[in-house]
Amino acid sequence: MMFSDAFMAIADPNRRYLLEELRRGPKTVNELAAGLPVSRPAVSQHLKVLLDAGLVNAKPEGTRRVYTVSSAGFLKLNIWLDQFWEVEQLGSPGS
């Protein structure tokens, strides 16, 4: 996963909404689309961006796909972000 892709993926408010919904539990495209003022195909496109960024997983169940948050994707992102907290904790010049 490229971090710029992850940041671009979460920059869109619709995708952040999808992540919040998936944080509550697995959902299908139709379940996710019910809470957004965009079409089902648009939700599918947003999910593809999140999939490509490694932030969600999709699992086929019969004729539908069930989406979940990718813990591994967020762990990688969190580890990358944590390095900046460590710098802050060490103190910056002039502090």
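Residues numbered from 1 in each chain as written. Predicted model: local features only at pLDDT ≥ 70, side-chain atom pairs only at ≥ 80, totals over all residues. Heavy atoms only, no water.

For the chain, the name recorded in an unreviewed UniProt entry is Transcriptional regulator, ArsR family, with Mesorhizobium escarrei as its organism.

Give me the lowdown on the nonpolar core, citing residues and values where you can.
Core analysis: the largest hydrophobic core is formed by 17 residues, its most contacted members being Leu-18, Val-43, Leu-47, Leu-50 and Leu-55. Elements with a contribution of two residues or more to this core: helix H1 (3–11), helix H2 (13–23), helix H3 (29–33) and helix H4 (40–52). (Core = buried A, V, L, I, M, F, W, Y, C linked by side-chain atoms within 4.5 Å. Buried < 20%, exposed > 50% of the residue type's maximum accessible area, 1.4 Å probe, protein only. Helix = DSSP H or I, 4+ residues; strand = E, 2+ residues; numbered from the N terminus.)

Tell me about the packing of H2 against H4, and name the residues and values.
It is at 10 Å that the axes of H2 and H4 come closest, and there the two elements cross at 80 degrees. In terms of orientation, H2 and H4 fall into the roughly perpendicular class. Contacts between H2 and H4 pair Asn-14, Arg-15, Leu-18, Leu-19 and Leu-22 from the former with Val-43, His-46, Leu-47, Val-49 and Leu-50 from the latter. Here the contact of H2 with H4 is composed, by residue class, of seven nonpolar, two polar and one charged. (Axes fitted to C-alpha atoms, helices over the stretch in contact; angles between N-to-C directions. Parallel < 35°, antiparallel > 145°, perpendicular 65-115°, else oblique. Contact = heavy atoms within 4.5 Å. Nonpolar A, V, L, I, M, F, W, Y, C, P; charged D, E, K, R; others polar.)

Give a description of the environment of Ile-10 that names residues and reports values.
With respect to the helices and strands, the residue Ile-10 is situated in helix H1. Between the alpha carbons of Ile-10 and Leu-55 there is a distance of 9.1 Å; along the sequence they are 45 residues apart. Apart from the residues lying within four places of it in its own chain, the contact partners of Ile-10 are Arg-16, Leu-19 and Leu-55.

Break down the packing of aromatic side chains for me, citing the residues and quoting the values.
One pass over the structure, following the stated rule, counts two aromatic pairs. Judged by centre distance (5.1 Å) and plane angle (65 degrees), the ring pair of Trp-80 and Phe-84 falls under edge-to-face. Of the two residues, Trp-80 and Phe-84 both sit in helix H5 (residues 71–90), four residues apart, roughly one turn of that helix. Connected via pairs of aromatic rings, a cluster forms that spans Phe-7, Trp-80 and Phe-84. (Phe/Tyr/Trp six-rings, centres within 6.5 Å; stacked < 30°, edge-to-face > 60°.)

I'd like a rundown of the environment of Val-56, residues and numbers included.
If you trace the backbone, Val-56 turns up in strand E2 (residues 56–61). In this structure Val-56 comes out as buried when scored by relative accessible area, which is 2%. Val-56 sits 16 residues away from Ala-72 along the chain, and the two C-alpha atoms are 9.2 Å apart. With near-sequence residues (within four places) excluded, Val-56 lies in contact with Leu-19, Leu-22, Leu-47, Leu-50, Leu-51, Tyr-67, Thr-68, Val-69 and Ser-70.

So what about the pairing of E2? Which residues, and what values?
In regular strands, side chains alternate between the two faces of the sheet. Inspection of the sheet shows E2 paired to strand E3 (residues 64–69) by six bridges, in the antiparallel sense. Within the sheet, the bridge partner assigned to Asn-57 lies in E3 and is Thr-68. Once E2 ends, the chain turns through two residues before running back antiparallel as E3, passing Gly-62 with a positive phi of about 70 degrees. (Pairing = 2+ DSSP bridges.)

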